[in-house]
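These are the residues of each chain, in order.
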Amino acid sequence: MGSVSEYFSSLGTGILSLLKGLKVTGKEFVTPKITECYPENRTEHKWPDRFRAQLVFDYDADGNHKCIACGNCERNCPNGTISIESKMVTTMAGTKKKKLVKYFYDLGSCTFCQLCVTNCPTDAIKFNNDFEQAVFTRDKLLKQLNYLPEKEEPEPTPEQLAKIEAERQAKIAEAKAKAAAAKATKDAAEAPKPQSDENK
């Protein structure tokens, strides 16, 4: 008797489950359909701003970018999508700084996590909405983001370098003089005082 009741109980549960599924399916039958007429509507379709398609440099109207070749994006990329080539240059102030040579981005291995964008200190890179990246070979997905020629850093003239070196040597000499004066003052303060005749 127990097996018969269990059979009808499980049968009823199965029928209820089937009816729930049919209810969901029935709703989809009467829901209005939305069909994207791609690629016919590619000119007027507005993609969401948060959609991430590929990484690009943020160039201004004069063709300048803000990348300082710090390497934050390369270090924070979880699977080595970004590769940066840089060189050291001398600025007009006589100091050394990094200069970007090539910025490579492998779209085929990008996970679009946006860690590179969020960790960029100068906001030099961003994701755009250009999703049409179908190619026949993976090597075509390797892109150089700084596609415009890099502008050369103006190098200081020999006269400017001589002036900078003279200023540096003057600062060093001034610091040494201050250190010697401070040492002399300290030695004078620590020197034992001569005893008077009364104390002998």
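Summarised in this report is the structure supplied together with it.

Basis of the calculations
Residues numbered from 1 in each chain as written. Predicted model: local features only at pLDDT ≥ 70, side-chain atom pairs only at ≥ 80, totals over all residues. Heavy atoms only, no water. Pairing = 2+ DSSP bridges. Helix = DSSP H or I, 4+ residues; strand = E, 2+ residues; numbered from the N terminus. Axes fitted to C-alpha atoms, helices over the stretch in contact; angles between N-to-C directions. Buried < 20%, exposed > 50% of the residue type's maximum accessible area, 1.4 Å probe, protein only. Phe/Tyr/Trp six-rings, centres within 6.5 Å; stacked < 30°, edge-to-face > 60°. Salt bridge = Lys/Arg side-chain N within 4 Å of Asp/Glu carboxyl O.

## Quick look at the sheet that holds strand β2 (residues 82–90)
- Read across the open sheet, the three strands follow the order β2-β3-β5; overall the sheet is antiparallel. Because the sheet does not close on itself, it has two edges, and the strands there are β2 and β5 (142–144). Neighbouring strand axes in the sheet, compared pairwise and without regard to direction, differ in orientation by 25° on average.
- Bridge analysis of strand β3 (residues 96–106) against β5 gives three bridges, and the strand direction is antiparallel. The residue of β5 that forms the bridge with D106 is L142.

## Focus on unusual backbone geometry
- Omega for the peptide link from Y38 to P39 comes to 10°, which places this bond in the cis form.
- Positionally, P39 belongs in the loop between α1 (2–30) and β1 (54–57).
- Phi is positive for Q114, which is not a glycine, with a value near 70°.
- The exposure class of Q114 is partly exposed, given its relative accessible area of 23%.

## A few points about the packing of aromatic side chains
- Tallied over the entire structure, the rule returns nine aromatic pairs.
- Both rings, one in Y7 and one in F8, keep their centres 5.3 Å apart while their planes meet at 75°; by these two values the pair is edge-to-face. Each member of the pair, Y7 as well as F8, carries the same accessibility label: exposed.
- Site record: aromatic cluster; members linked through ring pairs are Y38, W47, F51 and F131.

## Describing the pattern of salt bridges
- Across all of its chains, the model carries three salt bridges by this definition.
- Notably, a salt bridge pairs D49 with K46, separated by 2.9 Å at the nearest N-O pair.
- Since its relative accessible area comes to 59%, K46 is described here as exposed.
- K178 is paired through a salt bridge with E174; the nearest N and O atoms lie 3.8 Å apart. With K178 and E174 both in helix α4 (residues 158–190) and four residues apart, this pair spans about one turn of that helix.
- Taking the relative accessible area as the measure of exposure, K178 reaches 56% and is therefore exposed.

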